[in-house]
Amino acid sequence: LEVVPPVFLGFPFEVARFVPGEKRSVQVTVSTSRPGVSGELSLAAPADWKVAPTSQKFQIDTGSQAKYTFEVTPPPHTASAPIVAQATVNGRTYDNGRVDIRYAHIGHLLLQPVARLNAVSLELNIRGRNVGYVEGAGDSVAECLTQMGYTVKRLTAAALTEDGLRGLDAVVIGVRAFNVRKDLGKQMPALFKFVEAGGNLIIQYNRPEGLKSDRFAPYDLTLSGQRVTDEQSPVTFLLPDHPALNTPNKITKADFDGWVQERGIYFPNEWDKHFTPILAFKDPGEPPLEGGILIAPHGRGNVIYTSLVWFRELPAGVPGAYRLFANLVSLGKG
């Protein structure tokens, strides 16, 4: 038995990046499991985010889907805000989406979360244009890179060759990739050669237990269970003049405001001298942890291991996370 509303609403992706003061189109999908549903669709946004038109009428039938476009203009300054889709049907307003989860071991689960778009408005500079993405346990960082303005190429293990990596400025490896994939370890030498030739390799966090391979960097580093759980914990700039904190976006402590849930997890606690830590965080009463971002020059490129929770911050539309991650991808690029 499923108790469902007359309509389901949704956005193409959970986050959208805007340029301050500049209009951008936002698409909303309306679907239904009932015959002949009609109503009025609108977007609920903060007062300083302008939406046009104010509303649109719709009419859809069982099993069908319709798409509607609104023009959204953010305020003329850095800001982030939730934008919620709302449909009014027969005098009642609904704001739910629909997420069907189907796995053999648990059967069918239906979720109906709020149809929310995380909107982030910021000036963002990037260098390089083409980024490869290697899937891990699952995250939406690749889609967020697209929002930054990068052209993203999904890379299979078979594509981690000289030919498959040609033309890329950077490669990003998804969260916990080395915990869930057995095929990456033997492909890492090709990625290290890519770095030697001038590419950047960004490796997101892994858990220390259950690693399928520990060859995720050309130099040694040891993972731990250490984390910083206070998302408001103060940041210390260990190397304030490092390019990763200055180019192409000037990073300040304000870029660490508004983070969600935590700072980072499974920090490395030992690393080769080729790696340089650039930031430190600490939970109250705990010693500072310096392994959130480790950068090692390798040939003409850079290997970056980062335990900061980009997979949470980027989909949540945290402006500073976009600026800092763009700097990591852009490192050394003209």
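Predicted model only: the values in this text are computed from it and were never measured.

Chemist: Is there a simple way to explain a nonpolar patch on the surface in this structure?
Modeler: Side chains of Tyr103, Ile106 and Leu109 sit close together on the surface and give an oily, nonpolar patch of about 290 Å² of accessible area. Looking at the element boundaries, Leu109 is found in strand β11 (residues 107-111).

Chemist: Got a minute to help me understand the pattern of salt bridges in this structure?
Modeler: Charged atoms that come close allow side chains of opposite charge to pair. The full count for this structure, using the stated rule, is 12 salt bridges. Close ionic contact of Arg207 with Glu209 constitutes a salt bridge, the shortest N to O distance being 2.4 Å. The residue Glu262 makes a salt bridge to Arg227 at a minimum N-O spacing of 3.8 Å. One end of the pair, Glu262, is in the loop between β18 (235-237) and β19 (268-271); the other, Arg227, is in the loop between β17 (221-223) and β18, with 35 residues separating them in the sequence. On the accessibility criterion, Glu262 (5% relative accessible area) is buried. The class for Arg227 is partly exposed, based on a relative accessible area of 33%. When salt bridges that share partners are traced, they join Glu2, Arg98 and Asp100 into one network.

Chemist: Mind showing me how you'd approach unusual backbone geometry here?
Modeler: Among all residues except glycine, the phi angle is most often negative; among peptide bonds, the trans geometry is most common. That bond from Ala52 to Pro53 is cis: its omega, -5°, falls within 30 degrees of zero. Along the chain, Pro53 turns up in the loop between β5 (50-52) and β6 (56-60). Each neighbour pair has its own omega, and for Thr247 with Pro248 the value is -5°, a cis peptide bond. Of note, the phi angle at Tyr266 is positive, near 55°, even though the residue is not glycine. Among the secondary structure elements, Tyr266 is positioned in the loop between β18 and β19. On the basis of relative accessibility, which here comes to 10%, the residue Tyr266 falls in the buried class.

Chemist: Just to check I follow, could you spell out the environment of Asn179 for this structure?
Modeler: Of note, Asn179 is situated in helix α3 (residues 177-180). The class for Asn179 is buried, based on a relative accessible area of 8%. Considered as a pair, Asn179 and Arg323 are 144 residues apart in the sequence and their alpha carbons are 28 Å apart.

Chemist: Please explain the sheet that holds strand β7 (residues 65-73) as it appears in this structure.
Modeler: Pairing between sheet strands relies on hydrogen bonds along the backbone, with the strands arranged either parallel or antiparallel. The strand order across the open sheet built from four strands is β1-β3-β7-β5, with neighbouring strands paired in antiparallel fashion. Only two strands of the sheet have a single neighbouring strand rather than two, namely β1 (8-10) and β5. Put simply, the sheet's adjacent strands are angled 30° from each other on average, direction ignored. As judged from the eight bridges shared by strand β3 (residues 24-31) and β7, these two strands associate in the antiparallel manner. What sits directly across from Ser25, in β7, is Glu71.

Chemist: What is the right way to look at the packing of aromatic side chains in this model?
Modeler: For any two aromatic rings, the description comes down to two numbers: the centre-to-centre distance and the angle of the planes. In the structure shown here, the tally under the stated rule is 11 aromatic pairs. Seen in terms of ring centroids, Phe216 and Tyr305 are 5.6 Å apart; in terms of plane orientation they differ by 35°. Their pairing is tilted. Residue Phe216 is found in the loop between β16 (200-203) and β17, and its partner Tyr305 is found in strand β23 (residues 301-306); the two are separated by 89 residues along the sequence. In this structure, Phe216 and Tyr305 share a single accessibility class: buried. Following the ring pairs from residue to residue traces out a cluster consisting of Phe237, Phe256, Trp259, Phe281, Trp310 and Phe325. Just above the ring of Tyr266 sits the side chain of Arg227; from NZ or CZ to the centre is 5.0 Å. When the ring centre of Trp259 is taken as origin, the NZ or CZ atom of Arg263, which lies over that ring, is 5.4 Å away.

Chemist: What is the right way to read the side chain of Asn327 from this model?
Modeler: Within the secondary structure, Asn327 is located in helix α6 (residues 319-330). Excluding its chain neighbours within four sequence positions, the residues that come into contact with Asn327 are Pro243, Ala244, Leu245, Asn246, Thr247, Pro248, Asn249 and Ile251.

Quick notes on the rules
Residues numbered from 1 in each chain as written. Predicted model: local features only at pLDDT ≥ 70, side-chain atom pairs only at ≥ 80, totals over all residues. Heavy atoms only, no water. Patch = residues over 30% accessible without salt bridge, like charges linked within 9 Å, V, L, I, M, F, W, Y side chains within 5 Å. Areas by Shrake-Rupley, 256 points an atom, 1.4 Å probe, with all protein chains shown as cover. Salt bridge = Lys/Arg side-chain N within 4 Å of Asp/Glu carboxyl O. Helix = DSSP H or I, 4+ residues; strand = E, 2+ residues; numbered from the N terminus. Buried < 20%, exposed > 50% of the residue type's maximum accessible area, 1.4 Å probe, protein only. Pairing = 2+ DSSP bridges. Axes fitted to C-alpha atoms, helices over the stretch in contact; angles between N-to-C directions. Phe/Tyr/Trp six-rings, centres within 6.5 Å; stacked < 30°, edge-to-face > 60°. Lys NZ or Arg CZ within 6 Å of the ring centre and 35° of its normal. Contact = heavy atoms within 4.5 Å.

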